[in-house]
Amino acid sequence: MSVLPLRRCLLHRTTTALVCLAVAALGMLLLTDPAGAARPRKSPSTAVASPQPTERLLGVAVPGAPTDLQEYEDLAGALGRRPEQITFYAAWATVADFPAADAARIAAAGAVPELTWEPWDPAAGTTQPAYALERIAAGDHDAYLRRWARQVRSYGAPLVIRMAHEMNGSWYPWAEGVNGNRPGDYRAAWRHVVGVFRDQRVTNVSWSWAPNVPYEGSVPLAGLYPGDDVVDRVGLDGYNWGTTQPWSTWQSAEEVFGPGLAEIEAFTSRPFHIGEIGSAEHGGDKAAWLRDMWAWLDRTPSVRGLTWFHFHKEADWRIWSSPGSFEAFRAGYASFR
C-alpha cells in the first residue's frame, strides 16, 4: 500500500495491495481490539472460461497474508462467514517463483488466493526501463513468465491473478504515459503475458483486470482494456478517504465507483468485482457509509463482489475500526448474496 500524491487521490486509494469463485463456511469467538473495536479471538486462442459463482462474494486483503492467516481467521470468526478470497501481492523483481505454499495455505483456509502481480521493483520508483511495457510485450521477461506459468500449472488449484493493477494512474511503471510507455503498450503487454501462460497449458488461472476509479487526468479505460478473450473479470480500486487528507471529502460508495462502473460497462460485460475498497472513519459516519454501501450493492446486481482492504495505514480502513462500523459490515455481509 502506497501513499498517493495529492492529484491522484481525489476519488481513490491504491496499494502496492475481487472477489472470485469460492467456498463458504462459518467461524466464531470475540475479543477486544486495542483500539477498542470488536475483533475476533480467534493454449487455446480464446480465454479459459471461469465458472461464475451464483452468490456474490467477499474478498479481503489482511495483515500477515499470505504467510500468516490469523487476521483472516479472526475476521471470519467475528463475521460469522468466511470471506471467500484472500488477496496478496508479489513483485516481479523480488518474488522469483510462484509462492505455491502460500497459495495452498489460503486454499486450505477455505478461500481462493488472489495474487496481485506487479511487474516492477518496488524500491525503484516509476522509471524502470527493464519493466517498460514494450519490453514485456517483446518477450524480455519470458523466462520468468514461463517459469511462473509452469509452477502455477503444477499448483493446479484455482488462482486469480490481478496483474498490473491501477494502470490508468501514474504511480506505477506499467502505467501508460510513464516509463516510456505509449498508448496500446499496456494492452499488448497483458496479452503477451496471458499468451505465455496459455502456451504453457495453464488452465487454473482467472485473469482480473483492475484499474483505479477514474479521476481527472487519468487515462481513459477503454484503450487500456486487453479484450474479453484474455480477461475473466474486471473491477475498480477506490476508497472513501473522508477528511483524512487536505484534498479529500466524504464520498459514498456509489459516488466512488458509479462513474467508473458505467465507463467499464460501455465496453465489456465481463463479471465486475470491486478490486479494493475501504472507508475512513473521519469526516462522516462510517457505519452509515457501510449500510449505504450494502444498499447500493443490493440495487446494483452487476457488482458481483468486493475485496475489502482491512488495514490500518493512511487511514483506519479496517472492518472493525469501530464497534459501529464492524456491526454495520457484519450485518450487511450476512445477507450479501
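Please refer to the structure placed before this passage.
Rules used throughout
- All residue numbers refer to position in the chain's written sequence, counted from 1.
- Local features in this predicted model are restricted to residues whose pLDDT is 70 or higher, and side-chain atom pairs enter the listing and the counts only when it is 80 or higher, whereas totals over whole chains, interfaces and linings include all residues.
- Think of the side-chain values as coming from all heavy atoms in the structure, minus any hydrogens and water.
- Strands here are runs of E lasting at least two residues and helices are runs of H or I lasting at least four, both read from the DSSP assignment and numbered beginning at the N terminus.
- Any residue under 20% of the maximum accessible area for its type is buried, any over 50% is exposed, and the rest in between are partly exposed; the area is computed with a 1.4 Å probe on protein chains only.
- Each accessible area is a Shrake-Rupley result for a 1.4 Å probe, and residues are judged covered by the shown protein chains and nothing else.
- Nonpolar cores were defined as sets of buried Ala, Val, Leu, Ile, Met, Phe, Trp, Tyr and Cys residues, with membership established by side-chain atoms within 4.5 Å.
- The term polar contact refers here to a pair of N or O atoms within 3.5 Å; inside protein, the definition further demands a hydrogen-donor-capable atom paired with an acceptor-capable atom, and it admits residues adjacent in sequence only when both atoms are side-chain atoms.
- Residue contacts follow a heavy-atom distance rule, with two residues in contact if any of their heavy atoms lie within 4.5 Å.
- For this analysis, a salt bridge means a side-chain nitrogen from Lys or Arg found within 4 Å of a carboxyl oxygen belonging to Asp or Glu.

A. Examining the overall build of the protein more closely. In terms of helices and strands, the protein carries eight helices and eleven strands. For the protein, the proportion of its 337 residues judged to be buried stands at 58%. Accessible surface for the protein amounts to roughly 12400 Å². Of this, 54% is attributable to carbon and sulfur atoms.

B. Local environment of the nonpolar core. The biggest cluster of nonpolar side chains holds 83 residues, and the ones touching the most others in it are W117, F197, W207, W209, M293, L306 and W308. Among the nonpolar cores identified, the runner-up in size contains nine residues, and A61, Y239, A280 and F311 belong to it.

C. The arrangement of the side chain of S208 in detail. With respect to the helices, strands and loops of the structure, S208 is situated in strand β7 (residues 205-209). At 3.3 Å, the side chain of S208 forms a polar contact with the side chain of R233.

D. How the structure looks around the environment of Y333. With respect to the element layout, Y333 can be found in helix α8 (residues 323-334). On the basis of relative accessible area, Y333 is assigned to the buried category, the value being 0%. Along the backbone, Y333 and L79 are 254 residues apart, and their C-alpha atoms lie at a distance of 7.9 Å. Excluding residues that lie within four positions of it along the chain, Y333 makes contacts with L58, L79, R81, R82, P83, E84 and W294.

E. Quick look at the pattern of salt bridges. Tallied over the full model, the rule gives 16 salt bridges. Here E73 and R82 are joined by a salt bridge, their closest N and O atoms 2.7 Å apart. The class of E73 is partly exposed, set by a relative accessible area of 26%. Measuring nitrogen to oxygen at the nearest pair gives 3.0 Å for the salt bridge that ties R162 to D237.

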